[in-house]
Amino acid sequence: MAATNFKTENNTFRKLIGNGLTYRIPRFQRDYSWTDDEWEDLWADLMGTLQPEGESAHYMGYLVLQSSDDKTFEVIDGQQRLTTVSIIVLAVLKNLQRLIDSGNDSEANKRRMEQIRQTYVGYLDPVTLVARAKLTLNRNNNSYFHDYLVPLGHLPQRGFRASEHLLRKAFEWFDRRVAEYLKKSTGTEGMRLAQFVEDMSDRLFFTMITVTDELNAYKVFETLNARGVRLSATDLLKNYLFSVLDRGRDIDHELRNLEERWEAMVGRLGAESFPDFLRAHWNSRRPFARQAELFKTIRSQVNSREAVFQLLRELEQDLDTYLALSSPEASDWPQDIKGFASTLRTFNVRQPLPLLLAARRTFDAPDFSGLMRACVVISMRFNVICSYGTAEQERTYNAVAERIARGEIKNLGSALAVMQGVYPNDAAFRAAFAEKAIRTTPSRNNRVVRFILCALEKHLSDADYSFTSDSFNIEHVLPQNPQAGWETFSDEEADALTYRLGNMTLMQAGQNKNLGNAAYEDKRAVFQQSGFAITRKLATEHAEWTPERIAAHQNWMAAQATAIWRIAQIG
């Protein structure tokens, strides 16, 4: 494994848990968190494989494991699933214990119980004869799991963490389901329970990704880029920071402090957003780090108690700004800055975030507002209309952010002076706008086009419409599904021109619906009475609607857009 740093294979639960292999959930990994929703889903999937004519197997997803010897594995991702399946095995053992206690085929059931326990729960080390657990949970859950669940005894309920209560409730939930399953058919009950475990262990299978160290685990998470995996990328960093503190010294108070502050941050963000926040924060203060390099970079620079708590303080300092940029409507920012943040979110651009975090820490309010507007204008020109690649743009923003963090750039003018490289000039922007097509069927694209048309309307008539309003819609002059009256357009022209910006305007919602696929001469009469100046202008200046007229109208729009989205200090 050292040659490739990771390996991937599909394994059943039987193969996963057998052959003397053991699994440890890192001490500071997230606590057990599954509830009856996840239990119900897993049980239903499991039952689906056990029914006549049912599925032959159920795929449990990825397990990301770390090991240096292929015998003991740390569970970097997948601990909720692995813990829950182990709890199902314990629930089966509890039902076997009841059979033994009631004198039901006691000797045979004792042998079954011992065999299942050795195979799936724990075994005697052949050298030391010391019992070894197959699965060790994190520091908050392991004691309850092994002191109460594994022995199958009384389950105390007072004075425990919420996650420990969930472990108990999961055991009780599956204990009831196993008992109900047992009642649904006849035959030797102990044999059927043992067969249930055998079938489950053969029909639940996982994709195991085994890595040699945390750096490779982080690369796996970034590659998979799924929700659960991103949660684990957050946990991976948390585990590393805790490990820096936990280096053989009695620092429980520091661990508690770090855990409380960490969980408060993740709770405010949502764990799925944390990797994005972390990278934006890091790049707002330090040299540029790609997402794939981030964990390696942090591990090389944050390697002392002082560095851990400095990182924590800096994260907390930037959190409010990041949340306001992500959800501006919930912030207490001035209305103009809220509007700029909302526009960036509509454009779905994230490249300016490090720059904006850095500026928020040092710029005064007018300069920060000016920088927000500049980022909107650059995003409109560079990202939305010109559709340039973002790699160099991201590095430019980061370079400005880093200089702000070092105190070299202290105001808006100095920042804009070094941002010229990501500001397409008027000629490039106008040419790209004149040819731009945006398919409006995706909802995000639809919002972007509404934003553009509302801005053009405001520029023309000074009427300020909210692009999110339900009172109007986008009107495709050449319809999306042209019928009678549109024969002048070939199929190829219709495909090419329907979503050109020059073919779109604004109409009141009811009128837009009534016009539908009507011919242009019918639409034009309605356009001339429209409440939107941009729509009236289109009807007034274009007696017919042809490919040439679409191009002419879009050229006019491009000229207006060049004036609207312009930074005087750069242009």
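Structural notes, computed from the coordinates. The numbers attached to residues start from 1 for each chain and follow its sequence in the written order. Totals for whole chains, interfaces and linings use every residue, but because this is a predicted model, local features are given only for residues with pLDDT of at least 70 and side-chain atom pairs only at 80 or more, for both listing and counting. Calculation of side-chain values draws on the structure's entire complement of heavy atoms; hydrogens and water are dropped beforehand.

Digging into the pairing of strand 8 (residues 204-211)
Walk down a regular strand and you will see the side chains alternate between the two sheet faces.
Argument step 1. Here the term buried applies to any residue with accessible area under 20% of the maximum for its type, exposed to any over 50%, and partly exposed to those in between, with areas from a 1.4 Å probe on protein chains only. Runs of E in the DSSP output that reach at least two residues are strands. Runs of H or I that reach at least four are helices, and both are numbered from the N terminus. Counted residue by residue, strand 8 has seven buried out of eight residues, so it is predominantly covered.
Argument step 2. Bridge count between strand 3 (residues 58-66) and strand 8: seven bridges; the pairing is parallel. The partner of Leu65 across the bridge, within strand 8, is Thr210. A pair of strands counts as paired when DSSP detects no fewer than two bridges linking them.

Examining the side chain of Thr297
Argument step 1. Along the chain, the position of Thr297 falls in helix 12 (residues 291-301).
Argument step 2. The criterion used for residue contact is that any of the two residues' heavy atoms lie within 4.5 Å. When residues no more than four places from it in sequence are discounted, the contact partners of Thr297 are Trp282 and Ala289.

Some points on the packing of helix 11 (residues 274-283) against helix 15 (residues 353-362)
Argument step 1. At their nearest, the axes of helix 11 and helix 15 sit 8 Å apart, and the two run at 60° to each other. With respect to their mutual orientation, helix 11 and helix 15 come out oblique. For helix 11 against helix 15, the interelement crossing comes out right-handed. Of the residues in helix 15, those in contact with Ala280, His281 and Asn283 of helix 11 are Leu353, Pro354 and Leu357.
Argument step 2. Any residue that is not Ala, Val, Leu, Ile, Met, Phe, Trp, Tyr, Cys, Pro, Asp, Glu, Lys or Arg is counted as polar, Gly included; the first ten are nonpolar and the last four charged. Partitioned by chemical class, the residues of the contact of helix 11 with helix 15 number four nonpolar, two polar and no charged. Think of each axis as a best-fit line through the C-alpha atoms, taken over the contacting stretch in the case of a helix, with angles from 0 to 180 degrees between the N-to-C directions. Oblique is the label for any angle not under 35 degrees, not over 145, and not in the 65 to 115 range, which are roughly parallel, roughly antiparallel and roughly perpendicular in turn. Two helices crossing with the near one rotated counterclockwise from the far one by less than a right angle form a left-handed crossing, whereas a clockwise rotation gives a right-handed crossing.

Overview of the pattern of salt bridges
Side-chain pairs of opposite charge can arise where the charged atoms are in close proximity.
Argument step 1. For this document, the term salt bridge refers to a Lys or Arg side-chain nitrogen within 4 Å of an Asp or Glu carboxyl oxygen. Inspection of every chain in the model, using the stated rule, returns 32 salt bridges.
Argument step 2. Residue Arg168 is joined to Glu172 by a salt bridge in which the shortest nitrogen-to-oxygen separation is 3.2 Å. Of this pair, Arg168 and Glu172 both sit in helix 6 (residues 162-183), separated by four residues, roughly a single helical turn.
Argument step 3. For Glu435, the salt bridge is made with Arg500, and the minimal N-O distance between the two is 3.9 Å. Taken together, the positions of Glu435 in helix 19 (residues 426-435) and Arg500 in the loop between helix 21 (491-497) and strand 10 (504-508) put the pair 65 residues apart, joining distant regions of the chain.
Argument step 4. Accessibility expressed as a relative area gives 56% for Glu435, which makes it exposed.

Side note on the state of the cysteines
Argument step 1. By definition, disulfides here are pairs of cysteine sulfur atoms that lie within 2.5 Å. All told, the structure shown has zero disulfides when counted by the stated rule.
Argument step 2. Take Cys375: it sits in no disulfide, and the sulfur closest to it among the cysteines is that of Cys386, at 16 Å.

What about helix 10 (residues 252-269)?
Argument step 1. Given the number of residues in a helix, its expected span is that number minus one, multiplied by 1.5 Å. The terminal C-alpha atoms of helix 10, which comprises 18 residues, lie 26 Å apart, in line with the 26 Å expected from a rise of 1.5 Å per residue.
Argument step 2. All of the buried residues in helix 10 are Glu254, Leu255, Leu258, Glu259, Trp262, Met265, Val266 and Leu269. Along helix 10, the residues classed as buried sweep out an arc of 135° about the axis, all on the same side. In helix 10, those exposed residues whose orientation departs by more than 90 degrees from the buried face are Glu260 and Gly267.
Argument step 3. In the stretch just after helix 10, Gly270 is the one whose phi turns positive, near 85°. This arc is taken over the directions from the axis of the helix to the C-beta atoms.

Quick notes on the packing of aromatic side chains
Argument step 1. Stacked, tilted and edge-to-face are the three classes applied to pairs of Phe, Tyr and Trp rings, where Trp contributes its six-membered ring and a pair requires centres within 6.5 Å; stacked means planes under 30 degrees apart, edge-to-face means over 60, and tilted covers the rest. Under the counting rule described, the total for this entry stands at 27 aromatic pairs.
Argument step 2. Ring centres of Phe274 and Phe277 lie 6.1 Å apart, and the angle between their planes is 75°; this geometry places the pair in the edge-to-face category. In this pair, Phe274 and Phe277 both sit in helix 11, three residues apart, roughly one turn of the helix. Considered together, Phe274 and Phe277 belong to a single accessibility category, that of buried residues.
Argument step 3. Ring geometry for Phe382 against Tyr388: centres 5.2 Å apart, planes inclined by 85°, an arrangement best described as edge-to-face.
Argument step 4. Residue Phe382 is classed as buried on the basis of its relative accessible area of 6%.
Argument step 5. By relative accessible area, Tyr388 is classed as partly exposed at 39%.
Argument step 6. Feature note: the residues Trp39, Trp43, Trp173, Phe174, Tyr181 and Phe196 constitute an aromatic cluster, connected by ring pairs.

Regarding the side chain of His542
Argument step 1. Mapped onto the secondary structure, His542 falls in the loop between helix 24 (533-541) and helix 25 (547-564).
Argument step 2. Owing to a relative accessible area of 3%, His542 belongs among the buried residues under this scheme.
Argument step 3. With near-sequence residues (within four places) excluded, His542 lies in contact with Tyr520, Arg524, Arg549, Ala552 and His553.

Overview of a negative patch on the surface
Argument step 1. Within the patch definition used here, like charges are joined within 9 Å and nonpolar side chains (Val, Leu, Ile, Met, Phe, Trp, Tyr) within 5 Å, considering only residues with over 30% relative accessible area and no salt bridge. The accessible surface values rely on the Shrake-Rupley method and a 1.4 Å probe; as for residues, cover is taken only from the protein chains in view. All tallies of charge rest on Lys and Arg as positive and Asp and Glu as negative; His and the ends of each chain are not included. Each charge is placed at NZ for Lys, CZ for Arg, CG for Asp and CD for Glu. Taken together, the side chains of Asp36, Asp37, Glu38, Glu40, Asp41 and Asp45 define an acidic patch exposed on the protein surface.
Argument step 2. Note that Asp41 resides in helix 2 (residues 36-50).

Here we look at the environment of Ser530
Argument step 1. With respect to the helices and strands, Ser530 occurs in the loop between helix 23 (520-527) and helix 24.
Argument step 2. Overall, Ser530 belongs to the buried group, its relative accessible area being 3%.
Argument step 3. The spatial distance from the C-alpha of Ser530 to the C-alpha of Gly54 is 60 Å, given a sequence separation of 476 residues.
Argument step 4. Discounting residues that sit within four places of it in the chain, Ser530 has contacts with Leu506, Met507, Gln508, Thr535 and Arg536.

A look at the environment of Tyr520
Argument step 1. If you trace the backbone, Tyr520 turns up in helix 23.
Argument step 2. Tyr520 sits in the buried class, given a relative accessible area of 7%.
Argument step 3. Residues Tyr520 and Glu259 lie 261 residues apart in sequence; the distance between their C-alpha atoms is 65 Å.
Argument step 4. When sequence neighbours within four positions are dropped, the list of residues in contact with Tyr520 reads Val477, Trp486, Phe527, Leu538, Ala539, His542, Ala543, Glu544 and Trp545.
Argument step 5. Whenever two N or O atoms come within 3.5 Å, that pair is a polar contact, provided that in protein one can donate a hydrogen and the other can accept it, and provided that, for residues adjacent in sequence, both atoms are side-chain atoms. Engagement of the side chain of Tyr520 in a polar contact is seen with the backbone oxygen of His542, the distance being 2.5 Å.

Some thoughts on the nonpolar core
Argument step 1. As used in this record, nonpolar core signifies buried Ala, Val, Leu, Ile, Met, Phe, Trp, Tyr and Cys residues forming a set joined through side-chain atoms within 4.5 Å. Membership of the largest hydrophobic core comes to 105 residues, with the highest contact counts inside it found for Phe274, Leu371, Met419, Ile452 and Trp565.
Argument step 2. Sorting elements by how many residues they give to this core places helix 16 (residues 365-385) first, with twelve residues.
Argument step 3. In contact with Met419, other than residues within four places in its own chain, are Leu355, Leu371, Ile378, Tyr397 and Val400.
Argument step 4. Within the second largest apolar cluster, 59 residues are counted, among which are Ile25, Val75, Phe145 and Met200.

So, the packing of helix 3 (residues 79-101) against helix 7 (residues 189-203)
Argument step 1. Interaxial distance between helix 3 and helix 7 falls to 10 Å at its minimum, and their mutual angle equals 170°. It follows that helix 3 is roughly antiparallel to helix 7 by the angle criterion. Where helix 3 abuts helix 7, its residues Val85, Ile88, Val89, Val92, Asn95, Leu96 and Leu99 lie against Glu189, Gly190, Leu193, Phe196, Val197 and Met200.
Argument step 2. Partitioned by chemical class, the residues of the contact of helix 3 with helix 7 number ten nonpolar, two polar and one charged.

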